[in-house]
Amino acid sequence: MEFSFPAAGFQNISAFHPLRLLIEHAPAAIALFDTDVRYIITSRRWLEDYGLGDRNIIGQCHYDIFPEISEEWKAIHQQCLQGAIERREEEAFPRADGGIDWLKWEVRPWHRESGDVGGLIMFTEVITRQKAAELALAKANQELAAVNQGLERELAQRSSELKSFFNLTEDMLGIAGFDGYFKRVNPAFERKLGYTQAEFFAQPFISFVHPDDQASTLAVASQIAEGGSIAAFENRYRCQDGSYRWLAWTSAPDLDNPVLYATARDITVQKNAEAALRKQAKLLDQVKGAIISLDNEGIMTTWSKGAEDLYGYTAQEAIGQHVSILYPERLQDYLRASIIEPLKIKGHHEIETQVINKWGQEIDVLIALSLEKDIDGNVIGRIGYGIDITERKQAEAQIKAYSATLEQTLEELKQTQLQMIQSEKMSSLGQLVAGIAHEINNPVNFIFGNLTHAKGYTDDLLAIIRLYQDTFPEPGAAIEEAVEDLDLEFLIEDLPKLLTSMKIGADRIRAIVLSLRNFSRMDEMDLKDADIHEGIDSTIMILHHRLKKYSDRPAITINRDYGNLPRIECFPGQLNQVFMNILTNGIDALDDALQVQALAQPTITIKTYLEAENTAVITIADNGLGIPEQVRDRIFDPFFTTKEVGKGTGMGLSISYQVVAEKHGGTLTCHSAPGQGTEFVIKIPLRQREPKEN
C-alpha cells in the first residue's frame, strides 16, 4: 500500500482538511515527516506516547526531539526515503533518561502526486507494558519450573520442616480466604502484633489495616484474587495496644482453594529511618556544607569554603584534581558502582559513605549528587553536596548500644517482677496449705484415736453375741458372767456416742474441704453469679488457725454484719483472693498491736450492704494501731511493704486493687489513722457491663 499526497505537500493543506484531521485525531501514534525528517503532522496519540504533551514540534527535526535515536535507525529512515518499507513487531528503544521503551513500528515513504518521495510516515505502538509482562511471566515461569523440580525432590522431607518453619520463623506467615478473613496465622503474628489467633480469626483482615491504607490494600487483594499474580505491597497494621507497625507484604493466590498466601515482614524501623533521612535531607538544605562540581571526567571545577572546611584542601589545591583523591583506595570500586553508576541512571543520587581528608583521616559524610546539564539537556558534569556526619554516626552507635542496654535492663526487670509475683503466690499458697494442714490434723487424730476403742467394743460385742449363739435360747451362767464383766449396758450406751464423735470429726473435715473449694473456686474462672457472703465465710474458715487463741495471744473475734445482698456477677476466685489478702493484713496488724499494747479484744468487723441499688459494698475493719498517712498513700503500690524481709513482697494489696478496679470495674479504698484502726472499703457493681479477661 502506497501513500500519495498533493504535489504541494502537507504544508499547504488546510488545518481543517479531512486528511489532516484524520491523522491528528487517529487513535494510533502516527507522524508524517518531510525528506529532512522534519515533522509535518502528528497524531495526538504520538504526543501522548512519547511524553511530548502540548509541545509544538511541527517543523522540527525528529533527531533533535529524540537525540537518543541511534545511527542504525537513521539508516533505516534513509532506506525508506529511497522507497523501502520497514517494520518490526517489537524492538527496544533506549531513552535519554536511561529508560527503555519497547515499540511495534512501521516506517514507509509517502509520495507526491508526481510520484516522488515526499517524506516518511511512521506508525508506532508502545508495547513496553506488554513486553515487561511477557518478560516477567517468562521469568516467573522459569523460576516456577525450577521450584517445582526442587519441590518434587524434597516434598517428603520438607513437609515436617515447613510446619516447624511456619511456627518458628520470625517472618509473619498467614493464609486468608477470599471472604476476607484469616484462616491461619503463625505465632510470629501473635508475637509481633500482640493478638491471639482467635482475635485474628474473629475480624476481617482489613479491620487491622490503618484507615488510610485500607483502600489500597483492598485494591491489591482484589487484583491478586482476580489476576492470580504475586504482589508486593506495604501498609500499616494495628497492634493490640492500639499502635501501628509498617509491614511489607508478599502475597500470592491459590485460585483452586480459594485462598491468599501472604508473608509479612516488620519494616517499621526502616520506615522510621527513611522518614528521619527525609527530614534530615530537608534540614541539610539550610546548613553550611561542602559544594563541589565536576566535569564528565571527574575533574573538580569548583570548590566551596564548606568543602575546604570538610576536606582540608584549599580551592587552589583541589580544582583540577580528580575526585578520587577524596576516597580511600579501598573504596575506588565502590565509588564507581554505588555512586557514579546510580547517578547516571537516575540523574540524582544520595548516599552515606566515607571520604579521606587532606591529612589521610577517614570521615563519614552524607553526599547528595545530581547531574549538571546545559541548555540543550546534555550532561556536562556533576554537582555534589556533602556534610560531615561523623558525630551523628557516633551518636547512633551510642544510642544503639544504650538501647540494647535498656532493653536488657527491661527484660531483667520483667523477670524480677514475675519472680516477685510468683513468690507472692507461693506465700499465699503456703498460708493456705498451713491452715488446711492445721485444721485437718486435729479431727483426723480424733477419729484415728477413737477407732481403736470402736474396734475393741465391736470385738467384745461380737464375743458376747457368739456366746449367746452357743447358749441360746436360755442364757447360761457364762453369758451372764460375760455381760457383767464387760458392762454391756455401758458399752451399748457409749458406742453410739463414740460413733457420733467420729461423725462430728468427719463433718469437720468435710466443712474444711468445702471451704477450701469455695475459696479457690478453681472451677469458676469466668464471670458468674456468686454469693459474696459464702466467699467471705470460706476465707474465714481457711484462716481459722490464725484467729483462735494461743498461749501468748487472745483469740481474734470476727463480727459479721451481713446485709441483704443479691448474687453478684463476678470472678469468685479472684474476689476470694482479695478477701484473703485484706484479712491476712488485718490479722498481721492485730498481731503487731498485741506485741506493743494490750487490746481488750482484737476484733475484725465485716459489713456488707447495698448502695444505690446497683453496687455491693464490703467493709473489712480492724481495731489495730492504724496506718500513718505517708504509708497509707502507698499501700496499693506494687512491691511496697512495711513487713520484714521474707514476710511479704508488697504485691498482695496491689493485686487486690487491680482485681477490684480492672477486673470488676469497682473501687478499693483504705481509711485509717494512727491509733484508730484500719478499714478497707470494696465497692463493685452487681452486674459487669463487659466481660473482663482472667
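See the structure printed just above.
Undergrad: An account of the overall build of the protein chain is needed here, citing residue identities and associated values.
TA: Looking only at helices and strands, the protein chain features 20 helices and 23 strands. Taken across its 694 residues, the protein chain has 37% of its residues classed as buried. Pairs at least 24 residues apart make up 51% of the contacts formed inside the protein chain by residues separated by at least 6 positions. Accessible area of the protein chain: about 40,500 Å², with a carbon and sulfur share of 54%.

Undergrad: Pulling in residues and values, what's your account of the packing of helix α18 (residues 572-596) against helix α20 (residues 652-664)?
TA: The N-to-C vectors of α18 and α20 enclose an angle of 145°; their axes lie 9 Å apart at closest approach. The element α18 and its partner α20 pack so that their crossing is left-handed. Here α18 contributes Q574, L575, V578, N581, I582 and N585 to the contact with α20, which in turn contributes G652, L653, S656, V659, V660, K663 and H664. For the contact of α18 with α20, the residue count by class is six nonpolar, six polar and one charged.

Undergrad: Go over the sheet that holds strand β20 (residues 603-611), please, and point to the residues and values.
TA: Ordered by their spatial adjacency, five strands build an open sheet running β18-β20-β21-β23-β22, and the pairing between neighbours is mixed. In this open sheet, the two strands that pair with only one neighbour each are β18 (557-561) and β22 (667-672). Each strand of the sheet is rotated relative to its neighbour by a mean of 15°, with strand direction disregarded. When β22 meets strand β23 (residues 678-685), the two strands line up antiparallel, connected through six bridges. Directly across from L668, in β23, lies its bridge partner I682. In the packing of helix α16 (residues 532-542) onto the sheet, contacts are made with β18, β20 and β21 (615-622), and the angle to β20 comes to roughly 170°. Seen against the sheet, α18 touches β20, β21, β22 and β23 and runs at an angle of roughly 20° to β21.

Undergrad: Which residues make up the sheet that holds strand β8 (residues 182-185), and what values go with them?
TA: Here we have five strands laid out as an open sheet, ordered β8-β7-β11-β10-β9, and antiparallel in their pairing. Two strands in the sheet have a free side with no partner beyond their single neighbour: β8 and β9 (231-238). Neighbour to neighbour, the strand axes of the sheet diverge by 30° on average, direction disregarded. Bridge count between strand β10 (residues 244-254) and strand β11 (residues 259-266): eight bridges; the pairing is antiparallel. Each bridged residue has a counterpart across the sheet, and for A252 the counterpart in β11 is Y261.

Undergrad: Describe the side chain of N186, and please don't skip the residues or the numbers.
TA: Secondary-structure assignment places N186 in the loop between β8 and α6 (187-193). In this structure N186 comes out as buried when scored by relative accessible area, which is 0%. A polar atom in the side chain of N186 sits 3.0 Å from the backbone oxygen of D171.

Undergrad: Break down the pattern of salt bridges for me, with residues and values.
TA: Applying the stated criterion across every chain, the model contains 25 salt bridges. In this structure, D34 and R38 form a salt bridge, with 3.1 Å as the shortest nitrogen-oxygen distance. Its relative accessible area of 10% is what places D34 among the buried residues. Beyond isolated ion pairs, a larger network of salt bridges with shared partners links R546, R553, D588 and D591.

Undergrad: Summarise the packing of aromatic side chains; cite the residues concerned and give the values.
TA: In total, this model carries 19 aromatic pairs according to the counting rule given. When the ring of W46 is compared with that of Y50, the centres are 4.9 Å apart and the planes differ by 50°; the resulting orientation is tilted. Across the pair, exposure class does not vary: W46 and Y50 are buried alike. When the ring of W303 is compared with that of Y311, the centres are 5.6 Å apart and the planes differ by 45°; the resulting orientation is tilted. Residue class for W303 comes out buried when judged on its relative accessible area of 10%. An aromatic cluster is defined as three or more aromatic residues linked by ring pairs; in this entry it consists of F182, F189, Y195, F200, F205, F208, F233, Y237 and W249. Across the ring face of Y63, the terminal group of K74 is positioned such that the distance to the ring centre comes to 4.9 Å. Across the ring face of W102, the terminal group of K131 is positioned such that the distance to the ring centre comes to 4.6 Å.

Undergrad: I'd like a description of empty space enclosed by the protein, backed by residues and values.
TA: With the rule as written, the count across this model stands at four cavities of 30 Å³ or more. The space that makes up the largest cavity amounts to roughly 210 Å³. In this structure, the largest cavity is lined by 19 residues; those nearest its centre are L294, V323, Y327, I367 and L369. Secondary-structure elements contributing two or more residues to the lining of the largest cavity are β12 (290-295), α12 (332-346), β15 (362-373) and β16 (379-388).

The rules behind the values
Residues numbered from 1 in each chain as written. Predicted model: local features only at pLDDT ≥ 70, side-chain atom pairs only at ≥ 80, totals over all residues. Heavy atoms only, no water. Helix = DSSP H or I, 4+ residues; strand = E, 2+ residues; numbered from the N terminus. Buried < 20%, exposed > 50% of the residue type's maximum accessible area, 1.4 Å probe, protein only. Contact = heavy atoms within 4.5 Å. Areas by Shrake-Rupley, 256 points an atom, 1.4 Å probe, with all protein chains shown as cover. Axes fitted to C-alpha atoms, helices over the stretch in contact; angles between N-to-C directions. Left-handed = near helix turned anticlockwise from the far one by under 90°. Nonpolar A, V, L, I, M, F, W, Y, C, P; charged D, E, K, R; others polar. Pairing = 2+ DSSP bridges. Polar contact = N/O pair within 3.5 Å; in protein donor to acceptor, adjacent residues only side chain to side chain. Salt bridge = Lys/Arg side-chain N within 4 Å of Asp/Glu carboxyl O. Phe/Tyr/Trp six-rings, centres within 6.5 Å; stacked < 30°, edge-to-face > 60°. Lys NZ or Arg CZ within 6 Å of the ring centre and 35° of its normal. 1 Å grid on protein atoms, 1.4 Å probe; cavity = no way out; pocket = protein on both sides within 12 Å on 5 of 7 lines; lining within 4 Å. Points joined across faces, edges and corners; volume = space filled by probe spheres on them.

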